[in-house]
Amino acid sequence: MGSPRVSVVVTCFNLGAYLPELIASLRAQTFRDFEMCVVDDGSTDALTLRVLRGLAPDITVIYSENRGLSAARNLGVSSTSGEYVCAVDADDVLLPTLLEQSVRRLDSDPTLAFVSHWLEAFGDESWEWKPEGCDFPSLLDTNKVNGAALVRRTAVQAVGGWDEEMRGGCEDWDLWITLVEAGYRGEIIPQVLFRYRRRPDSMSRLMSVGDGLSRLYRRLVDKHPDAFRPYLKALIARREADAAGSRAQADDLEERLELDVLPSLARANDDLASAERRRTQWDHERRMEEEQRHLRDEAASLRDEAASLRDEAASLRVQLETARGEVGHQDHHRQLALQEVAALHASLSWRLTRPLRAIGGLLIGVAGRRS
């Protein structure tokens, strides 16, 4: 089998958490004639190393000491064979038709050395990037070409690949300037075909801290003096105009901040404090209402319980009166019986029959002993 048309070189340094998403976007490409090569640039993250070991057999994985993005890309190019090269970072995403549309454009025009595209940012930020031209002098002003643009292998090899001395950023921009400076030509497909992840530690964000981007731009000018020289005055003038515009915009923003935003903020803070006080008062009143409702419910329950106890007490009083009546009735009968006994004892017949009762008792006792 011949070489694949496209070599996708994925550079990875401790980005294993994002690598599966990129691989999935590559497998979803409508253009299928490509190879995948992942270059690990000395990762130390355990997750990244585990993800790399678990990649499918059709993905070539190359391990290297940490030498920077340019060296990793050059290593990937030297380890692959596709006619076209697409260098992509492990945390980005290709939309499904990126390879198809780029290959079609390069195949249709042999004078093109590279083809870029529009992109959308995602992650910490959300915006679209839609550059128009990538020739001089526009390419010397700002970078118009995405790092994942498809480029002919022969063109990359002719200019020596990415500059491995540029480890602080702008290595892609330097490559595109080098190619155009050498007479190669590029083009931009006016369609969003790429998703660029923005992270707090993204290289593009880190190199913008302080004067980092200015230092990198001065390095590009020093490296490509012949390319910049014819346009340098115009580029400087445009930058000064931009700076003046930025200063004017900053002044306007500062004035708006002091005259409008800060007073509005103070009023908003006062309104917020008042609302918080009202809310606190309302919470207190609501708690009081809830407590009163609870007390009302408790009082109603106690009233029901008291009514039940009153009914029970009335029933007990009736039972007590009945019992007392029965006791009185029994006492009355007992008194009558006692009176009758006393009357009997006092009667003449009782006295006359006393000897007979004594003899009867004696006989009963003797009979008992015999038994």
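Residues numbered from 1 in each chain as written. Predicted model: local features only at pLDDT ≥ 70, side-chain atom pairs only at ≥ 80, totals over all residues. Heavy atoms only, no water.

Student: Please set out the packing of aromatic side chains residue by residue, giving values where relevant.
Tutor: Tallying each qualifying case throughout the model produces three aromatic pairs. Ring centres of F114 and W176 lie 5.0 Å apart, and the angle between their planes is 35°; this geometry places the pair in the tilted category. On the criterion of sequence distance, the pair formed by F114 in strand β6 (residues 112–123) and W176 in helix α7 (residues 171–181) is long-range, its members being 62 residues apart. The pair F114 / W176 is uniform in exposure class, with both members buried. Residues W173 and Y217 carry aromatic rings whose centres are separated by 5.7 Å and whose planes lie at 35° to one another, so their mutual orientation is tilted. Placement of W173 in helix α7 and of Y217 in helix α9 (residues 212–223) is noted, with a sequence separation of 44 residues between them. Across the pair, exposure class does not vary: W173 and Y217 are buried alike. Over the face of the ring belonging to F122 we find R195, whose NZ or CZ atom lies 4.0 Å from the ring centre. (Phe/Tyr/Trp six-rings, centres within 6.5 Å; stacked < 30°, edge-to-face > 60°. Helix = DSSP H or I, 4+ residues; strand = E, 2+ residues; numbered from the N terminus. Buried < 20%, exposed > 50% of the residue type's maximum accessible area, 1.4 Å probe, protein only. Lys NZ or Arg CZ within 6 Å of the ring centre and 35° of its normal.)

Student: Quick rundown of the nonpolar core? Include the residues and the values.
Tutor: Counting 37 residues, the largest nonpolar core has F114, L139, V151, W176, I177 and F228 as its most contacted members. With near-sequence residues (within four places) excluded, L139 lies in contact with C134, K144, V145, W173, W176, I177 and V180. Ranked by size, the runner-up nonpolar core spans 35 residues in total, among them V10, V38, L106 and Y196. (Core = buried A, V, L, I, M, F, W, Y, C linked by side-chain atoms within 4.5 Å. Contact = heavy atoms within 4.5 Å.)

Student: Could you give me a rundown of the packing of α7 against α9, with the residues and numbers involved?
Tutor: Relative to each other, α7 and α9 sit at 25°, their axes nearing to 11 Å. For the element pair α7 / α9, the angle class is roughly parallel. Crossing angle aside, the handedness with which α7 passes α9 is right-handed. Within the contact between the two elements, α7 uses W173, D174 and I177 and α9 uses Y217, L220 and K223. (Axes fitted to C-alpha atoms, helices over the stretch in contact; angles between N-to-C directions. Parallel < 35°, antiparallel > 145°, perpendicular 65-115°, else oblique. Left-handed = near helix turned anticlockwise from the far one by under 90°.)

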